[in-house]
Amino acid sequence: MSFSKGNGTEELLEWYRDNARDLPWRRPGVTGWQILMSEVMLQQTPVSRVAPIWEQWVARWPVPSAMAGSSQGEVLRAWGKLGYPRRALRLHECARVLAADFDDVVPSDVDALLTLPGVGAYTARAVACFCYGARVPVVDTNVRRVVARAVHGLVDAGNPSTTRDLADVEALLPTDTARAATMSAALMELGAVICTARSADCARCPLPDCAWVDAGKPPSTAAPKKVQKFAGTDRQVRGKLLDVLRAGSGAVEKARLDIVWPQDPAQRDRALDSLLVDGLIEQTDDGLFALAGEGAQPSPPRNSSTATR
DNA sequence: TTCCGGCTAA
DNA sequence: TTAGCAGGAA
């Protein structure tokens, strides 16, 4: 397996060396933990939204044990509106495991990384490669698309098969470890900047040859995929409910949550229950709702300021 | 396969 | 209006 005719490895590596974006988590001296935080944040979330939050997190929780010392609620608040807040919860649990079982250091071994909460096939290899320079295929949606086009001549990757994709990319990597690691980063960068889902800027593409271009840029033949709607879904309701708790400082009465989704009480209660099940929120003994880990905290003293009454 | 946020470029 | 975004887990 290789890029269509010529092997575009040298061109791609050179392009990356000269054009890689100056992302904060690519700075020298960034640790495995900090890389891991960036990777989890970047799951389904654009770079521009992640960068400022990541800077705050690196300053606040520079090592796993620091985060393990904070409550889940504190982490959820700091997560803000990045979306998919279960990621934050997993990262917190991951920090606890790293502090307890890994001497506060993110492991470099892919199999060890895969045991960590919130770390899947992509993230494990991304950390092994970007932080520790391992020669492993790093396959995300960008790489999948680049390989589909440049190698297979298709606009989009078909059914994502992790096994096949890993083998595809593995075959593209140079033998030399350092060059292979750079190659993985370059493939991702190419998909993120040049060969994007919306448009392929072939004029600026460093690859000397592309199977998709050679084939005349054929459109997708795949059936239109089902769109995962958002408006009116439980996801939207969960977001609104969680936003109330994130914005406030302590436990709140259910009525405070009810008002953000009055149109469908059944759906609202279902969403609220799912947040409890996910461990994102908790219920206090007196029936109030709070962010996870904050229900036991003394709510703002209601009667202490009796002088004002 | 489906569910899980929130934002924005086109 | 919506497709798409450095995915993971059940």
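For every chain, the first residue of its written sequence is number 1, and the numbers climb from 1 along that sequence. Both sets of labels track the order of writing: A upward for chains, 1 upward for ligands. At least 70 in pLDDT is required for a residue's local features to be given in this predicted model, at least 80 for side-chain atom pairs to be given and counted, and no such filter applies to totals for whole chains, interfaces and linings, which use all residues. Side-chain numbers come from the whole structure's heavy atoms, not from hydrogens or water.

As recorded in an unreviewed UniProt entry, chain A goes by Adenine DNA glycosylase and comes from Antrihabitans spumae.

## Describing the UniProt feature "domain: HhH-GPD" (unreviewed entry) in chain A
UniProt positions are given in the numbering used here, feature names are shortened, and annotations may be inferred rather than shown by experiment. Using the residue numbers shown here, the UniProt feature "domain: HhH-GPD" (unreviewed entry) corresponds to residues 41-193. Put simply, DSSP H or I for four residues or longer makes a helix, DSSP E for two residues or longer makes a strand, and each gets a number counted from the N terminus. Helix makes up 64% of residues 41-193 and strand 0%, with an end-to-end C-alpha separation of 19 Å.

## Considerations on the packing of helix α2 (residues 32-42) against helix α6 (residues 86-101)
Relative orientation of the contacting elements α2 and α6 amounts to 160°, with a least axis distance of 10 Å. Classed by the angle they form, the pair α2 and α6 counts as roughly antiparallel. Between α2 and α6 the crossing geometry is right-handed. Judged by residue contacts, Trp33, Leu36, Met37, Val40, Met41 and Leu42 of α2 engage Arg87, Leu91, Cys94, Ala95 and Leu98 from α6. A fitted line through C-alpha atoms serves as each axis, taken over the contacting stretch for helices, and the angle formed by two N-to-C directions is quoted from 0 to 180°. Should an angle lie under 35 degrees it is considered roughly parallel, over 145 roughly antiparallel, and from 65 to 115 roughly perpendicular; all remaining angles are considered oblique. Definitions for this section: a left-handed crossing has its near helix turned counterclockwise from the far helix by less than a right angle. A right-handed crossing has that turn clockwise. Residue contacts follow a heavy-atom distance rule, with two residues in contact if any of their heavy atoms lie within 4.5 Å.

## Let's talk about the packing of helix α8 (residues 121-130) against helix α11 (residues 177-193)
Packing of α8 against α11 brings their axes to within 9 Å, and their N-to-C directions diverge by 125°. One element, α8, and the other, α11, form an angle in the oblique class. For the crossing formed where α8 meets α11, the hand is left-handed. From α8, Tyr122, Cys129 and Phe130 reach across to α11, where they touch Ala181, Ser184, Ala185 and Met188. Its residues placed into classes, the contact of α8 with α11 shows six nonpolar, one polar and no charged. Classification used: nonpolar for Ala, Val, Leu, Ile, Met, Phe, Trp, Tyr, Cys and Pro, charged for Asp, Glu, Lys and Arg, polar for all others including Gly.

## Examining the state of the cysteines
Criterion for a disulfide: a pair of cysteine sulfur atoms at a distance within 2.5 Å. Here the structure, examined in full by the defined rule, presents zero disulfides. Cysteine Cys129 shares no disulfide, and the gap to the nearest cysteine sulfur, in Cys131, comes to 10 Å. The exposure class of Cys129 is buried, given its relative accessible area of 3%. Think of it in three bands: residues with accessible area under 20% of the maximum for their type are buried, residues over 50% are exposed, and the middle band is partly exposed, with areas taken using a 1.4 Å probe on protein chains only.

## Some words on the pattern of salt bridges
Salt bridges, as used here, are contacts in which a Lys or Arg side-chain nitrogen is within 4 Å of a carboxyl oxygen on Asp or Glu. Within the structure shown, the criterion is met by 21 salt bridges. Glu189 is the partner of Arg21 in a salt bridge, and the nearest nitrogen-oxygen pair spans 2.9 Å. Pair noted here: Arg21 is in the loop between α1 (9-19) and α2 and Glu189 is in helix α11, with a separation of 168 residues, a long-range link. A salt bridge links Asp278 to Arg238, with the nearest nitrogen and oxygen atoms 2.8 Å apart. Here Asp278 is found in helix α15 (residues 265-278), whereas its partner Arg238 is found in helix α13 (residues 234-247), with 40 residues between them in sequence. Overall, Asp278 belongs to the partly exposed group, its relative accessible area being 27%. Looking at Arg238, the relative accessible area reads 16%, which means it is buried.

## So, the environment of Ala124
Turning to its location among the elements, Ala124 is positioned in helix α8. Spatially, the C-alpha atoms of Ala124 and Val138 are 8.6 Å apart, while their sequence positions differ by 14 residues. Those residues in contact with Ala124, other than ones at most four positions away along the chain, are Val110, Leu113, Leu114 and Val119.

## Overview of the protein's contact with DNA strand B
It suffices for a single heavy atom of a residue to lie within 4 Å of a molecule or strand for the residue to be listed as near it. Not every one of the 20 residues close to DNA strand B is listed here, only the nearest: Leu82, Tyr84, Arg86, Arg235 and Arg238. Restricting attention to atoms of DNA strand B within 4 Å of the protein, one finds that 57% of them are sugar or phosphate atoms. Polar contact is defined as a pair of N or O atoms within 3.5 Å, subject to the rule that within protein one atom must be able to donate a hydrogen and the other to accept it, and that residues adjacent in sequence are counted only when both atoms are side-chain atoms. Residue Arg235 places a side-chain N or O atom 2.4 Å away from a base nitrogen belonging to DNA strand B. At a separation of 3.4 Å, a phosphate oxygen of DNA strand B approaches a polar side-chain atom of Arg246. Of all the secondary-structure elements, those providing two or more residues to the surface near DNA strand B are α6 and α13.

## Quick word on helix α10 (residues 162-172)
What α10 keeps buried is the set Asp165, Leu166, Asp168, Val169 and Leu172. End-on view of α10: buried residues confined to an arc of 160°, all on one side of the axis. On its buried side, α10 packs onto α1, α8, α9 (141-150) and α11. The arc in question is the one spanned by the directions pointing from the helix axis to the C-beta atoms.

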